[in-house]
Amino acid sequence: DSGVTQTPKHLITATGQRVTLRCSPRSGDLSVYWYQQSLDQGLQFLIQYYNGEERAKGNILERFSAQQFPDLHSELNLSSLELGDSALYFCASSVRAGTEAFFGQGTRLTVV
Amino acid sequence: DAKTTQPNSMESNEEEPVHLPCNHSTISGTDYIHWYRQLPSQGPEYVIHGLTSNVNNRMASLAIAEDRKSSTLILHRATLRDAAVYYCILRDRVEGGATNKLIFGTGTLLAVQP
């Protein structure tokens, strides 16, 4: 158990819908990272937050957004879902730069 | 983002040592070398990281070249449970730094034969 909790574990939804994925980082970790993993793209970095502020953006679509709340949990919002958004979404957290990151078990999103 | 190069795949026999190489010729002075692995159907798992000196932990050893342009992850006795994709990643130690985020490449798929 990495200490990073992601909910839900599985999500099935229809095209055009909107979903919210939730991540609770390890206690004391200020940085949260979101990743998308699909079969053909590998692990793609989406976005990073540090203590509530956005710090880095990767290949995150405009239909996707995220935030980190004062209690440090984070949410990834995916809207206008397409079939191609089906993937595993991972959240990771770390105490600070340069230290190890701990990953959750992921949320498997299936868009039908 | 600084780039790493790893072989696509490697094979090992159970209970033998495994040396997984990584080249990172464009590494900067503020970059740590991190290794993660991803077992089937799981999230990535931290293995080890280092800056300049060789590092050991309960999972593995990390040997870093003197010029820091390459490194080798060493699994001392491979087990079947070590079969995974191993990622070598450069990570900035400066908070909010350019490479502070973890950028995963394609990694090395390690197969362990009984």
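Worth saying up front: this structure is predicted, and the values here are computed from it rather than measured.

A. Main features of the overall build of chain B. On a plain count of helices and strands, chain B comes out with zero helices and nine strands. What you see in chain B, going N to C, is helices and strands ordered as β-β-β-β-β-β-β-β-β. Taking the principal axes of the C-alpha coordinates as reference, chain B spans close to 40 × 30 × 25 Å. Sequence separation of at least 24 residues holds for 58% of the intrachain contacts in chain B that already meet a minimum separation of 6. Taken as a whole, chain B presents about 5600 Å² of accessible surface, with 48% of it coming from carbon and sulfur. The centroid of the 10 positive side-chain charges in chain B is displaced by 5 Å from the centroid of its 12 negative side-chain charges.

B. Quick peek at the overall build of chain A. Scanning chain A for helices and strands turns up zero helices and 11 strands. Taken from N to C terminus, the helices and strands of chain A fall in the order β-β-β-β-β-β-β-β-β-β-β. Principal-axis analysis of the C-alpha atoms places the extent of chain A at approximately 35 × 30 × 25 Å. Sorting the 112 residues of chain A into buried and exposed places 53% on the buried side. Sequence separation of 24 or more characterises 53% of the internal contacts of chain A that already satisfy a separation of 6 or more. Averaged over its 9 positive side-chain charges, chain A has a centre that lies 3 Å from the centre of its 11 negative ones.

C. Structural view of the pattern of salt bridges. All told, the structure shown has seven salt bridges over all chains when counted by the stated rule. Here aspartate 85 of chain A ties to arginine 63 of chain A by a salt bridge, and the two come within 2.8 Å at their closest N and O atoms. Here aspartate 85 of chain A is found in the loop between β8 (74–78) and β9 (87–94), whereas its partner arginine 63 of chain A is found in the loop between β6 (53–57) and β7 (64–68), with 22 residues between them in sequence. In terms of burial, aspartate 85 of chain A and arginine 63 of chain A fall into one category: buried. Glutamate 45 of chain B is the salt-bridge partner of arginine 37 of chain B, the closest N and O atoms lying 2.9 Å from each other. Under the relative-accessibility criterion, glutamate 45 of chain B is labelled partly exposed at 31%. One salt-bridge network, held together by shared partners, links Arg63, Glu82 and Asp85 of chain A.

D. Spotlight on unusual backbone geometry. Geometrically, the link from threonine 7 of chain A to proline 8 of chain A is a cis peptide bond, its omega value of -10° lying close to zero. With a phi angle near 65°, serine 41 of chain B is a residue other than glycine that sits in the positive phi range. The exposure class assigned to serine 41 of chain B is exposed, which follows from its relative accessible area of 74%.

E. How the structure looks around the environment of leucine 20 of chain B. Along the chain, the position of leucine 20 of chain B falls in strand β2 (residues 18–23). Once residues within four sequence positions are removed from consideration, leucine 20 of chain B is found in contact with Met10, Trp35, Ser71, Thr72, Leu73, Tyr86, Thr108 and Leu110 of chain B.

F. Fine view of the nonpolar core. Ranked by size, the top nonpolar core spans 22 residues in total, and within it Leu21, Trp34, Leu76, Leu78, Tyr89 and Leu109 of chain A carry the most contacts. Of all the secondary structure elements, the ones that give two or more residues to this core are β3 (19–24), β4 (31–38), β5 (42–50), β7, β8, β9 and β11 (107–111) of chain A. Not counting residues within four places of it along the chain, the set of residues in contact with leucine 76 of chain A comprises Val19, Thr20, Leu21, Trp34, Leu46, Ile60, Ser65, Ala66 and Tyr89 of chain A. Ile33, Ala60, Ile64 and Tyr86 of chain B belong to the second largest nonpolar core, which has 21 residues in total.

G. The arrangement of the side chain of threonine 13 of chain A in detail. Its location among the elements puts threonine 13 of chain A in strand β2 (residues 10–13). Setting aside residues no more than four positions away along its own chain, threonine 13 of chain A makes contact with Val19, Leu81, Leu109, Thr110, Val111 and Val112 of chain A.

H. Layout of the packing of aromatic side chains. By the definition in use, this model includes nine aromatic pairs over all chains. Ring geometry for tyrosine 36 of chain B versus tyrosine 46 of chain B: centroids 5.7 Å apart, planes at 75°, classification edge-to-face. Of this pair, tyrosine 36 of chain B sits in strand β3 (residues 31–38) while tyrosine 46 of chain B sits in strand β4 (residues 45–50), and the two are 10 residues apart along the sequence. The class of tyrosine 46 of chain B is buried, set by a relative accessible area of 18%. Feature note: the residues Tyr35, Phe45 and Phe103 of chain A together with Tyr36, Tyr46, Tyr87 and Phe104 of chain B constitute an aromatic cluster, connected by ring pairs. Across the ring face of phenylalanine 102 of chain A, the terminal group of arginine 26 of chain A is positioned such that the distance to the ring centre comes to 3.7 Å.

Analysis parameters
- Along each chain, the written sequence defines residue order, and numbers are assigned to residues from 1.
- Going through the entries in the order they are written, you letter the chains from A and number the ligands from 1.
- Whole-chain, interface and lining totals are the exception, using all residues; otherwise, since this is a predicted model, local features are given only for residues with pLDDT of at least 70 and side-chain atom pairs are given and counted only at 80 or more.
- Note: side-chain values were computed over all heavy atoms of the structure, leaving out hydrogens and water.
- Only DSSP runs of H or I covering at least 4 residues are called helices, and only runs of E covering at least 2 are called strands; the numbering of each starts at the N terminus.
- What makes two residues a contact is simply this: any of their non-hydrogen atoms within 4.5 Å.
- Areas reported as accessible are Shrake-Rupley estimates using a 1.4 Å probe. Residue values count occlusion only from the protein chains shown.
- In summary, the charge assignment counts Lys and Arg as positive and Asp and Glu as negative, without counting His or the chain termini.
- Every charge is mapped onto a representative atom, which is NZ of Lys, CZ of Arg, CG of Asp or CD of Glu.
- When a residue's accessible area, from a 1.4 Å probe over protein chains only, is under 20% of the maximum for its type it is buried; when over 50% it is exposed; and in between it is partly exposed.
- The term salt bridge refers to a pairing of a side-chain nitrogen on Lys or Arg with a carboxyl oxygen on Asp or Glu at a separation within 4 Å.
- Residues enter a nonpolar core if they are buried and are Ala, Val, Leu, Ile, Met, Phe, Trp, Tyr or Cys, with the set joined through side-chain atoms within 4.5 Å.
- The rule is short: rings of Phe, Tyr and Trp, with Trp giving its six-membered ring, pair when the centres are within 6.5 Å, and they are stacked under 30 degrees, edge-to-face over 60, tilted in between.
- We count a charge as sitting over a ring when the NZ of a lysine or the CZ of an arginine lies within 6 Å of the ring centre and within 35 degrees of the ring normal.

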